[in-house]
Amino acid sequence: MVIRVAARDPGPAEQKAENAMVSINDAAGIVARVRQVADLMLESIEPWYEGNRLRTGGIYANVITTGLYMTEFLASDFPLDEANYAPGAQLKNAGGSKARAILAEHGEMRKYHTEGARTSRGTIKHARGLACVINEAGSAAGVHEFDAVQLAELAFLLQQWFVEKVREDYFEKKKITADLNPDWSIRSVVSSILHAARQRPGNAAGAVAQHLVGAKLKIRFDGTDVRIEGINEESYTTADQQTGRAGDYQLNDTAIHVTMSPTMELFAGRCQDNLNNRFRPRVLVPYDQLGRATTYAQDAGIEKLVAIQSIEDFVGTNIEETARFSQSEIKKRLRDLVVIYNERIEVAEVDMSLKIEIPGNL
């Protein structure tokens with residue numbers, strides 16, 4: 001990684017340091033005093049970072065990228081001044097390409113999909129919070145006494161810490177492992193994936209189910225004249241009302257709702273709204289929830305107006321159909337399903353542990 005120190009009216013003692021830069025190759029040469037200050041500041045930065053972690057254990061990408069950006073600003077500006085890092089209430093120069101460039105400077109070349117959250121109000125809030133932490137911790141540690149080179153070295157060490165968080169909380173979280181046996185029916189493979197997802201905390205299983213359905217729809221309808229909404233990559237937590245769609249997915253006049261745990265509200269509320277607006281509702285649930293879903297539909301008086309199907313059959317049968325029921329093609333389609341699913345997770349979700357491990361037999 002290289003941090004370039006911007007000119008900032010250097011005094012005589014700093015004149016030679018004006019164009020200095022710190023590279024990963026000479027990181028070992030950073031003096032003990034700078035390392036000591038970095039360690040002291042991390043005692044305050046780490047609680048800020050962990051305080052932004054979700055109850056499920058994940059952490060939003062904009063929290064991590066905020067750390068990358070703010071340490072970049074720190075290389076030439078202490079104390080951090082909002083007029084410099086966020087003119088116009090947007091982080092200056094922030095974006096997906098900038099985040100990836102910072103990671104590349106630290107030797108992290110894996111594909112990082114986040115858009116960098118430049119305009120996110122949440123990102124600005126994180127930036128202000130982290131700037132306060134850095135300024136307070138830095139002042140207490142004596143950063144105001146650092147020259148330009150020392151400040152750049154400090155920024156390098158703190159940025160390196162955030163790069164490690166990208167690796168830990170984005171790239172290297174353990175993926176879902178399930179039996180993806182191409183000799184099985186695809187229905188059984190999907191059942192295995194859902195079973196593995198149910199072992200995860202929080203709403204992991206719901207996210208897995210929704211993105212599996214999305215991957216299946218992309219395989220089946222991509223390139224056709226079927227009008228489909230929701231095939232774009234959106235987070236599992238994005239509500240239908242936010243998108244303006246009639247369901248998690250909308251195909252022509254059909255609204256598809258994907259849920260691991262059906263409720264009366266889904267049928268009496270969302271499905272009834274679909275019917276009132278002349279949509280055909282279809283509810284996808286795990287096989288073991290079919291009876292429960294059917295009862296709710298009956299109680300809502302719409303059992304003949306709503307289609308209820310298991311996620312396993314909806315995904316599995318269609319994958320085999322598109323493979324023309326050929327054993328070799330089914331294997332290829334199964335791999336396509338998981339690859340497209342993983343791509344959706346990379347783009348839409350915070351938690352990369354929702355990705356499915358692809359075994360060697362595929």
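Predicted model, so just to flag it, every value in this text is computed and none were measured.

Draft legend 1. Molecular detail of the environment of Pro87. Along the polypeptide, Pro87 turns up in the loop between helix 3 (82-85) and helix 4 (96-105). Ignoring any residue separated from it by four or fewer positions in sequence, one finds Pro87 in contact with Glu82 and Lys92.

Draft legend 2. Expanded view of helix 12 (residues 311-322). Over its 12 residues, helix 12 runs 17 Å from end to end, which matches the ideal 16 Å to within 8%, given 1.5 Å per residue. Listed in full, the buried residues belonging to helix 12 are Ile311, Glu312, Phe314, Val315, Gly316, Asn318, Ile319 and Glu320. Those residues of helix 12 that are buried are in contact with helix 7 (186-198), helix 8 (204-221), strand 5 (254-258), strand 6 (280-285), strand 7 (307-310) and helix 13 (327-348). Count one or two residues on from helix 12 and you reach Arg324, which has phi positive near 55°.

Draft legend 3. Molecular detail of the confidence of the model for the protein chain. In this model, the protein chain carries a mean pLDDT of 86, and residues with pLDDT of at least 70 account for 84%. Here residues 3-24 scores under 50 on pLDDT; set against residues more than four positions off or in separate chains, the count is 44 contacts.

Draft legend 4. The nonpolar core, seen in detail. In terms of nonpolar packing, the biggest core is built from 94 residues, with Ile45, Met70, Leu91, Leu154 and Ile311 touching the most fellow members. Top element by residues in this core is helix 6 (residues 148-171). It accounts for 12 residues. Counting 9 residues, the second largest nonpolar core, distinct from the first, contains Cys271, Val285, Ala293 and Ile302.

Draft legend 5. Looking closely at the packing of aromatic side chains. Tallied over the full model, the rule gives 5 aromatic pairs. Consider the rings of Tyr49 and Phe162, whose centres lie 6.3 Å apart with planes at 70°: the pair is edge-to-face. Within this pair, whereas Tyr49 is found in helix 1 (residues 32-51), its partner Phe162 is found in helix 6, the two being separated by 113 residues in sequence. With respect to class, Tyr49 is no different from Phe162; both count as buried. Put simply, the rings of Tyr49, Trp161 and Phe162 pair up and form one aromatic cluster. The cationic tip of Lys216 hangs over the ring face of Phe314; the distance from NZ or CZ to the ring centre is 3.7 Å.

Draft legend 6. Quick peek at the packing of helix 7 against helix 12. Between helix 7 and helix 12, the least distance of the axes is 7 Å, while the angle of their chain directions is 140°. Here helix 7 is positioned oblique relative to helix 12, judged by the angle of their axes. The hand of the helix 7/helix 12 crossing is right-handed. Contacts between helix 7 and helix 12 involve Ile186, Arg187, Val190, Ser191 and Leu194 from the former and Ile311, Glu312, Asp313, Val315, Gly316, Ile319 and Glu320 from the latter. Residue composition of the contact of helix 7 with helix 12, by class: 6 nonpolar, 2 polar and 4 charged.

About the criteria used
Residues numbered from 1 in each chain as written. Predicted model: local features only at pLDDT ≥ 70, side-chain atom pairs only at ≥ 80, totals over all residues. Heavy atoms only, no water. Helix = DSSP H or I, 4+ residues; strand = E, 2+ residues; numbered from the N terminus. Contact = heavy atoms within 4.5 Å. Expected span 1.5 Å × (residues − 1). Buried < 20%, exposed > 50% of the residue type's maximum accessible area, 1.4 Å probe, protein only. pLDDT = per-residue confidence, 0-100. Core = buried A, V, L, I, M, F, W, Y, C linked by side-chain atoms within 4.5 Å. Phe/Tyr/Trp six-rings, centres within 6.5 Å; stacked < 30°, edge-to-face > 60°. Lys NZ or Arg CZ within 6 Å of the ring centre and 35° of its normal. Axes fitted to C-alpha atoms, helices over the stretch in contact; angles between N-to-C directions. Parallel < 35°, antiparallel > 145°, perpendicular 65-115°, else oblique. Left-handed = near helix turned anticlockwise from the far one by under 90°. Nonpolar A, V, L, I, M, F, W, Y, C, P; charged D, E, K, R; others polar.

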